[in-house]
Amino acid sequence: MSVLTSPRGKVEVVHCRRTETQDIYCIKNLIRKFTQKLFGNLNIIYLLEKANLAITLHNDQEEIMAQATFLDYPNWNIATQDDWVSVFRELDSDIPCTPLNTLFMHLFVAVDEYSVGCCKEIIRTVFKAVLDLHFVFLIVPSCMSLGSTLITVFSQVGYVPSLTNDEDFAVHVCHRHNHYPQLHVRKARVEDHDDLMPIFLHHDTILKETYGEYFLAELIEAQDEENHAVVCEVEGVAVGFMSVCSQVNLELLHKCFDLAPFHGLCIPHQDDILEPPQEFSIHESSDSQLENSSEESQKIVKEPQEAVSLETRESIQRKGTEAAVEEALSPVTSENTGEVEDSEKLSQVSSRFTWYYISHRSSLSVSLPEDTSSFRPIYKGASTAFCIQLFFIDEKYEARSLDFMNFVFHLFHDKDFCIVSVPHLTPEFVLIQSFVKVVPFNNCTLEQDLYVFHRAGLLKTIKIRLATLLDTPGVEKLVSTLMPCKSILEDLKQYNEARRDPDGTPLQVFVAEVAEQVVGIAVIRNEMDIEYIRSHYNIEDFIYFNHHQREEHGHLYHFVLNPIFRHYTKFFLKEILRLGYKSCLYYPVYPQVKEGKVQSPRAHSLTSALHYLVPVRPRRQIVYPLEKLGINAPSKEVSKDALSYALNHTNRKLSLEPKITVNAKIVVVGASNVGISFLETLVFCSHLKFSNLTLISTYGLPGKKLLGNEQRKFLANDHCYNDRDHELMSLCSWVNVVVAKMTAIDRAAKQVVVSREKVVLYDHLILCTGRQYQVPCPTEVDISLHPTNREVSNSCLRRYTGPIPCNHFTLNDEEDCLRALAWIKNNSITAEGNIIIYGNSIDTYTTVETLLSLGVRGSCIHLVQHPPTSIITCINDCAVEGAIEDALQAAGVNVYRDALLAQWNNGLYPDPIHTASFTTPTKPFQLPCSMFFSFLEKNVDYETFKAFNDACLVYDGRLVIDSNFHTNDIAIRAAGPLTKFSNRYYSNEWTHSNFNSKEIGFQLAAAMLKLFDPTLEPVTEPPADLDRLIPMYKGAKIKGGILPGSYHYLHVSKPAIPTPLEVQRAQSDFGSEIVTGNVKNGNYFRIHINKYRMVETITCLSKVPFPASNYIRLFGQHEQALNNLCARYEDGLVPDLYSYFTEPWCMALFHDRFIDLRKALHQILSSKEDENLPSMEELARQIEDEEINLPEKPRNYLKRVFQETIYRPLVEKSILDYLHYNHYHLPMYAWPGII
């Protein structure tokens, strides 16, 4: 915020921000003829798309006061964008401009009255935002003066000719030192105390309270050879302070942090022990491993978060474990207090970096042998690090914090590293943004994050250029110990030989060079699949696609940069875009394994640059009836079934856009749909970087494709996520995964205990374990006495404590299904043996169908249904239930109703189960048993409950939460079927089980983001009356699967308290039903339209597969949007809904952006587009409130007003724009101009 004063004395408070799309209209209005003469006739949208930095000033009323746009190459065609440096060096050799320290102003507009103040404020903001920037150039025609505004900040340097005509252009420059200069740093003096204390007390008063009022003066006085205190000053006044010390507790750091990339912060010594006695072992998941796994013997594997660990590491997707060594540059320093000068070649190796990797791929399990799992390298050399003990600086000058570093390194000539540790809840301030964050070991319990900075990181002469043949030895040395070494060197060779691949794809290789030594390499190709990317990923969240040429899209294959120059990663990416004439870069992360085969269309290396890219959300795809559409179907580039991958992206607009780092330790327990949705929402916040996301799950992340498509029918599907969704997200790239089970919570220490021995620290704990099927507890009655159900106590609430039989299965996830499938195959169950399926849920039906499809005879399957606890069945539709019963009877499946489990093996040792006895309301019975599937009512796992109970979390049948997901501990939140609302809400019938799990996870993340995202409104306490209301969510509840008889089933409904369908139909406001087909023919389709004529329920039962994802999109649509479905059905024009929803007209309904169209149309109809008329929404309200006397029916009146006013053309234009912009997905629609 700044205050500007006009020449007439008017005062205006202005705020600075990045330019947004909605600013374009105001920017155009600020352009004058003089502006066009200075900068040319510009396409503002195109300019902003290609700008590296665009700044907007606005006042308190959000009115645009000024805007400026900056690029990293000159305008007016005075030089090519990849070779302008030589032109400016010839112009004035005293100006040491480089791509690192230079930007060019391509546009400046401002409100005339405040233009001078706005110009100075924008220039100051630019220098503050770009730390390495020293020069801003302005190029204008030589015949033009700068005017009264720009002349105040720019001075002329000389003239340069144009490349395209004979005109000369004047070059003007603006220097940093005139607006936001580097700070002067010196040794601290006691007299600085009075200047420094107000700044320090603004941040913290604890030290003053602990050590007294003059502790800072005492700290300054105590300086010696090992302890120094320095200050930065402005006009003789100290504005910042740093205390450094050469005494570092390396022993503690070696125990807690992986310092191998920095050789333990020690000088290399011949007695160093850098490698464990034996290698890590990697074992692929196998049936035998799964059979032998148990809680007692379970290993804990923490899969390192790629986004954290790869800041200092490079790896490759196809490998699991690597020990790599990379050489770092030796520091070259200058005695000057200015920037470090590169006067000598960096040829000596000062340290060796050993990198250890554990694959983050969930398809592999990594086990550490006992003698090496706790191995830590031993370093015998002397320390080569000093630490920052205390640092603070005035907020006005915080952007120049790095100015301290050159001076403090000068104080310690024998040290190469500077380290600083900060509490992990501390926001990442400017100084440590140039440091490398060190990865902690899994057993680290320090509440501090460690950051490292190498002396050579001060070098400013880093140069990015295209590779040459002479770079080969340097690149070989750089990547020789990296796993993608061979692929990188092959690409370098191919580039030097042909500049393109054998298939003709353009290839570019860039190297980063410091003092003639290669310190980085990047390989890109032209993105040849951009149509597929546009149609399958939301890249238009970041770019206007139509303003980027096809050849401007690049595909990043490799990116390697010496870790001591990691803070130049964004500069490296920016230079790739400039030198390669690209505007966008894409980087895919392929899943490790698909159906047992490694995916490797071309070798990609995992890159430390991933943190500087943004993850791109995948787009939901329409399932097209291709045969019915014929030539009107989308192109093959759009509809093809390509390999799935997660997409990451950067562009010119993002090249100078900072990310806000959130170091808070957010631990999610449970890989349920709620937990995955929560993590997905956080990961895809493009302007935030969550560096400490951890998932604790018994089997790690889901989506491993353990089962083939035909074997995935054991459990019903809620359509929240499938394997492809997990591949498209690649959460393993951003989330640490602890493969273990939570056994305790220590709230005082803020740590989760897993598998009874290891701990995971947290700042925010998210409990999303859900509920699972449990082992049933037999009633233990003797059936020889012929008891009935009335004579035995219901044991469903009792916990089974005996040994779990080896042939007993509770199926809760794909791992359980895989184990059951392995048992079936290994024990010849399909040929012989009886299978008992016990329970009442829909999963009993899907399991029966799976067994039948595997070849098990129906007569060998016994479906034993427990006495119902509710009058509502799992299907809640008599027609569908009748079809299932007929199918079970036709298959010969034995069905027993109202049966209670009495005994296994007649009360003898139950492992394995040979017989199972049951009681009924009439007489008991006994069944032979080779496998026993239990699907009793789901409940919270006992160990999970015990962890809650021992931690004194309020538990009342489920974990109790409030309306903001809080438990009775403010640091612990919970969500999903695991929870219930507190009794103070008087809504015990409503729980998260009534809602869509994916939406619950999203809302949980939205509540958490208010704590971390500065762009959101700050958290405020809700009014007391609102705090007594539970939140209601609108997403559809979905279930589906393949039922007996090979019926494909889908049921979509609104969140509601379960009610029998017959009771719903009897209600006066039920609405209407549209039903086509019947269950016997296998083409049953039912749609329930509520009283507001909205689709509220969808039920499908079909013998043939159908596009379920399409039909789910029908939920919540008005029936008129379905081509007047009700009227057509009443006229007999809709004999088959399956066929009806494959017609070309309805494809837009299934499009992922159809909801955006609906919002746009609603905005038009609710806004006042005509000054002489109220909005259509206001008209409807006036009619409803009888404020208007109408001579005609209200519907006819509204229709006539719509037709006769501006609203109809606006609506038509919006619809046509939508169809035109999304034509690649919707080519079956015609619009004016194509006929």
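In case you missed it, the structure is sitting above this.
Let me sum up the structure you'll find in this document. All values reported here derive from a predicted model rather than from experimental measurement.

**Things to note about the packing of helix α32 (residues 1176–1184) against helix α33 (residues 1194–1204)**
A pair of packed helices can be characterised by two numbers: the angle between their axes and the separation between those axes. The interhelical angle for the contact between α32 and α33, taken along N-to-C directions, is 160°, at an axis separation of 11 Å. In this view, α32 runs roughly antiparallel relative to α33, as classed from their interaxial angle. Pair α32 / α33 crosses with right-handed handedness. Contacts between α32 and α33 involve Met1176, Leu1179, Ala1180 and Ile1183 on the former and, on the latter, Pro1194, Tyr1197, Leu1198, Val1201 and Phe1202. Its residues placed into classes, the contact of α32 with α33 shows nine nonpolar, no polar and no charged.

**What about the sheet that holds strand β39 (residues 758–761)?**
Strands sit in the order β37-β38-β39 across an open sheet of three strands; the sheet is antiparallel. In the strand order of this sheet, the two ends are held by β37 (742–746) and β39, each with one partner. Taking the axes of each pair of neighbouring strands and ignoring which way they run, one obtains an average angle of 25° across the sheet. Pairing geometry for strand β38 (residues 751–754) and β39, over four bridges, is antiparallel.

**Here we look at the pattern of salt bridges**
Pairs may arise between side chains of opposite charge once their charged atoms sit close together. Under the criterion given, the structure shown has 48 salt bridges. The shortest N-O distance in the salt bridge between Lys640 and Asp529 comes to 3.0 Å. Of the two residues, Lys640 is situated in the loop between α19 (636–639) and β31 (646–651) and Asp529 in the loop between β24 (517–526) and α16 (530–536); the sequence distance between them amounts to 111 residues. By relative accessible area, Lys640 is classed as partly exposed at 33%. Its salt-bridge partner being Lys1054, residue Glu1096 comes within 3.7 Å of it at the nearest N-O pair. Linking Glu1096 in strand β56 (residues 1095–1102) with Lys1054 in the loop between β53 (1047–1053) and α27 (1061–1066), this pair joins segments that are 42 residues apart in sequence. On the basis of relative accessible area, Lys1054 is assigned to the partly exposed category, the value being 40%. In the salt-bridge network here, residues are joined through shared partners; they are Lys741, Arg756, Asp941 and Glu943.

**Focus: the environment of Val893**
Examined against the element boundaries, Val893 turns out to sit in the loop between α24 (878–891) and β44 (894–896). According to the relative accessible area criterion, Val893 is buried, its value standing at 7%.

**What to know about the sheet that holds strand β46 (residues 915–919)**
In spatial order, the strands read β45-β46-β47; together these three strands make up an open sheet with antiparallel pairing. Strand pairing shows two members of the sheet lacking a second neighbour, β45 (900–904) and β47 (925–928), which therefore form its edges. Strand after strand, the sheet turns through a mean of 30° between neighbouring axes, direction not considered. Note: β45 against β46, four bridges, orientation antiparallel. From the neighbouring strand, Leu900 faces β46, where its bridge partner is Thr919.

**Some remarks on the side chain of Glu1096**
For Glu1096, a relative accessible area of 14% gives the class buried. A polar side-chain atom of Glu1096 sits 3.1 Å from a polar atom in the side chain of Asn1090. Leaving out residues up to four positions away in the same chain, Glu1096 has contacts with Val1052, Ser1053, Lys1054, His1088, Asn1090 and Phe1115.

**Brief notes about the nonpolar core**
Core analysis: the biggest nonpolar cluster contains 98 residues, and Phe678, Ile745 and Leu767 have the highest contact counts within it. Each residue touching Ile745, except ones within four places of it in the same chain, is listed here: Gln751, Tyr762, Leu765, Leu767, Ala947, Phe948, Ala951, Leu953 and Ile972. If you look at the next biggest cluster of nonpolar residues, it comprises 65 residues, including Ala51, Cys97, Val126 and Met144.

**Section: the packing of aromatic side chains**
Within this structure, the stated rule accounts for 46 aromatic pairs. Aromatic side chains Tyr942 and Phe945 sit 6.2 Å apart centroid to centroid with 45° between the ring planes, which places their arrangement in the tilted category. Of this pair, Tyr942 and Phe945 both sit in helix α25 (residues 942–950), three residues apart, roughly one helical turn. Assessed through its relative accessible area of 34%, Tyr942 is described here as partly exposed. Among the aromatic residues, those joined into a ring-pair cluster are Tyr800, Tyr838, Tyr896, Trp904, Phe918, Phe925 and Phe932. Across the ring face of Tyr495, the terminal group of Arg499 is positioned such that the distance to the ring centre comes to 4.2 Å. Stacked on the ring of Tyr1221, the Lys or Arg Arg534 has its end atom at 5.2 Å from the ring centre.

**A closer look at the pairing of strand β21 (residues 448–454)**
Of all the seven residues making up β21, six are buried; the element is thus mostly covered by neighbouring parts of the structure. The pairing of strand β19 (residues 417–423) with β21 spans seven bridges and is antiparallel. Counterpart to Val420 in the pairing with β21 is Tyr451. When strand β20 (residues 436–437) meets β21, the two strands line up antiparallel, connected through two bridges. Its bridge partner being in β21, Lys437 is matched across the sheet by Tyr451.

**Topic: helix α22 (residues 814–826)**
Side chains three or four residues apart in an α-helix point the same way, a direct result of the helix having 3.6 residues per turn. With 13 residues, α22 extends 18 Å between its outermost C-alpha atoms, agreeing within 8% with the 18 Å of an ideal straight helix rising 1.5 Å per residue. Of the residues making up α22, those classed as buried are Glu815, Asp816, Cys817, Leu818, Ala820, Leu821, Ala822 and Ile824. Structurally, the start of α22 carries an N-cap: the backbone nitrogen of Glu815 is 3.1 Å from a side-chain oxygen of Asp813. A positive phi of about 55° marks Ser828, the residue just after α22.

What counts and what doesn't
Residues numbered from 1 in each chain as written. Predicted model: local features only at pLDDT ≥ 70, side-chain atom pairs only at ≥ 80, totals over all residues. Heavy atoms only, no water. Axes fitted to C-alpha atoms, helices over the stretch in contact; angles between N-to-C directions. Helix = DSSP H or I, 4+ residues; strand = E, 2+ residues; numbered from the N terminus. Parallel < 35°, antiparallel > 145°, perpendicular 65-115°, else oblique. Left-handed = near helix turned anticlockwise from the far one by under 90°. Contact = heavy atoms within 4.5 Å. Nonpolar A, V, L, I, M, F, W, Y, C, P; charged D, E, K, R; others polar. Pairing = 2+ DSSP bridges. Salt bridge = Lys/Arg side-chain N within 4 Å of Asp/Glu carboxyl O. Buried < 20%, exposed > 50% of the residue type's maximum accessible area, 1.4 Å probe, protein only. Polar contact = N/O pair within 3.5 Å; in protein donor to acceptor, adjacent residues only side chain to side chain. Core = buried A, V, L, I, M, F, W, Y, C linked by side-chain atoms within 4.5 Å. Phe/Tyr/Trp six-rings, centres within 6.5 Å; stacked < 30°, edge-to-face > 60°. Lys NZ or Arg CZ within 6 Å of the ring centre and 35° of its normal. Expected span 1.5 Å × (residues − 1).

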